[in-house]
Amino acid sequence: MPSLTDADDRTLAGRAADGDVRAFEVLVRRYSPLMRAYATRVLGSNDETDDVVQESFITAWQQLSTLTDPSVVKSWLMRIVSRKSIDRIRVRKLHVDIDDHEQEAPHSSTPPQVAEAHSREAALSRALNDMPAEQRQCWVLKEIAGYSYDDIARELDLPVSTVRGVLARARKNLIREMEAWR
């Protein structure tokens, strides 16, 4: 019999919805890294990431029975962590600061390559920090989390047409700010 770690999302979510704690633990181990990376990008630092991810999993555990299609548990979890991250930002009424995130360089990189990667990451962080909050949130949801326009619109409570316009402006701003790195 295959182990739970090899089970697909549909099976795990279904078993977890029926109260199987071990199945839910597999989902937590499977999706924690992605959720942490996403929350860190949205929140701008690691300070609140663990709390937001933990709150997201608590909410997921409590609401698993409402999930109509267990095969979409990944996107469902990402929507929860997205909402929790955005709620945290709204509560603190601050702009997202992503300068605290440092991208790890590949071990085979030379010192000049590492320096260039850090400089490029710093330039991207500055460009994102200089963006209006709505543009930054839309860009992060689209480019980092892979949300569709419809998902972003639902998440931020905006019309889809507004999301398209905001993303277009965000991309235009990033292209202009990152011109030196092309």
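Counting restarts for each chain, with residues numbered from 1 along the sequence as it is written. Two thresholds apply to this predicted model, a pLDDT of at least 70 for residue-level local features and 80 or more for giving and counting side-chain atom pairs, whereas whole-chain, interface and lining totals are computed over all residues. No hydrogens and no water enter the side-chain calculation; it runs on all heavy atoms of the structure.

(A) Representation of the overall build of the protein chain. Strands here mean DSSP runs of E at least two residues long; helices mean DSSP runs of H or I at least four residues long; both are numbered from the N terminus. Assigned secondary structure in the protein chain consists of 8 helices and 0 strands. The N-to-C order of helical and strand elements in the protein chain reads α-α-α-α-α-α-α-α. For each residue, the accessible area found with a 1.4 Å probe, counting protein chains only, is set against the maximum for its type, and the residue is called buried under 20%, exposed over 50%, and partly exposed in between. Within the span of the protein chain, comprising 182 residues, buried residues form 41% of the whole. Looking at the protein chain alone, contacts between residues at least 24 apart form 65% of all its contacts between residues at least 6 apart. Here the open area of atoms and residues is found with the Shrake-Rupley method and a 1.4 Å probe, where only the protein chains shown may cover a residue. Per element, the accessible surface of the protein chain, about 10500 Å² overall, is 51% carbon and sulfur. For this analysis, residues touch if any pair of their heavy atoms sits within 4.5 Å.

(B) Representation of the packing of helix α1 (residues 9-17) against helix α2 (residues 21-43) within the structure. Only the stretch in contact is used when a helix axis is fitted, and all axes are lines through C-alpha atoms; the angle between N-to-C directions ranges over 0 to 180 degrees. Close contact between α1 and α2 brings their axes to 7 Å; oriented N to C, the two are set at 130°. One way to sum up the angle between α1 and α2 is to call them oblique. The way α1 lies across α2 gives a crossing that is left-handed. Of the residues in α2, those touching α1 at D9, L12, A13, R15 and A16 are A23, F24, V26, L27, R30 and Y31. For this classification, Asp, Glu, Lys and Arg are treated as charged, while Ala, Val, Leu, Ile, Met, Phe, Trp, Tyr, Cys and Pro are nonpolar and the rest, including Gly, are polar. In terms of residue class, the contact of α1 with α2 is built from 8 nonpolar, no polar and 3 charged. When an angle is under 35 degrees it counts as roughly parallel; over 145 it counts as roughly antiparallel; between 65 and 115 it counts as roughly perpendicular; any other value is oblique. Here a crossing is called left-handed whenever its near helix is offset anticlockwise from the far helix by less than a right angle, and right-handed whenever the offset is clockwise.

(C) Seen up close, the packing of helix α7 (residues 149-156) against helix α8 (residues 160-177). Closest axis-to-axis distance for the α7/α8 pair is 9 Å, and the angle between their directions is 105°. Judged by the angle between their axes, α7 and α8 are roughly perpendicular. Residues Y149, D150, I152 and A153 of α7 touch α8, and the partners they reach there are V160, V163, R164, L167 and R171.

(D) Region of the structure containing the nonpolar core. Nine residue types can take part in a nonpolar core, namely buried Ala, Val, Leu, Ile, Met, Phe, Trp, Tyr and Cys, and a core is a set of them joined through side-chain atoms within 4.5 Å. Residues M35, W76, L77, V81 and I152 are the most contacted members of the largest nonpolar core, which totals 49 residues. If you list the elements that add at least two residues to this core, you get α1, α2, α3 (49-63), α4 (73-92), α5 (111-130), α6 (133-144), α7 and α8. Ranked by residue count, the leading element in this core is α2, at 10 residues. In this view, L77 contacts Y31, M35, F57 and A60; residues no more than four positions away in its chain are not counted.

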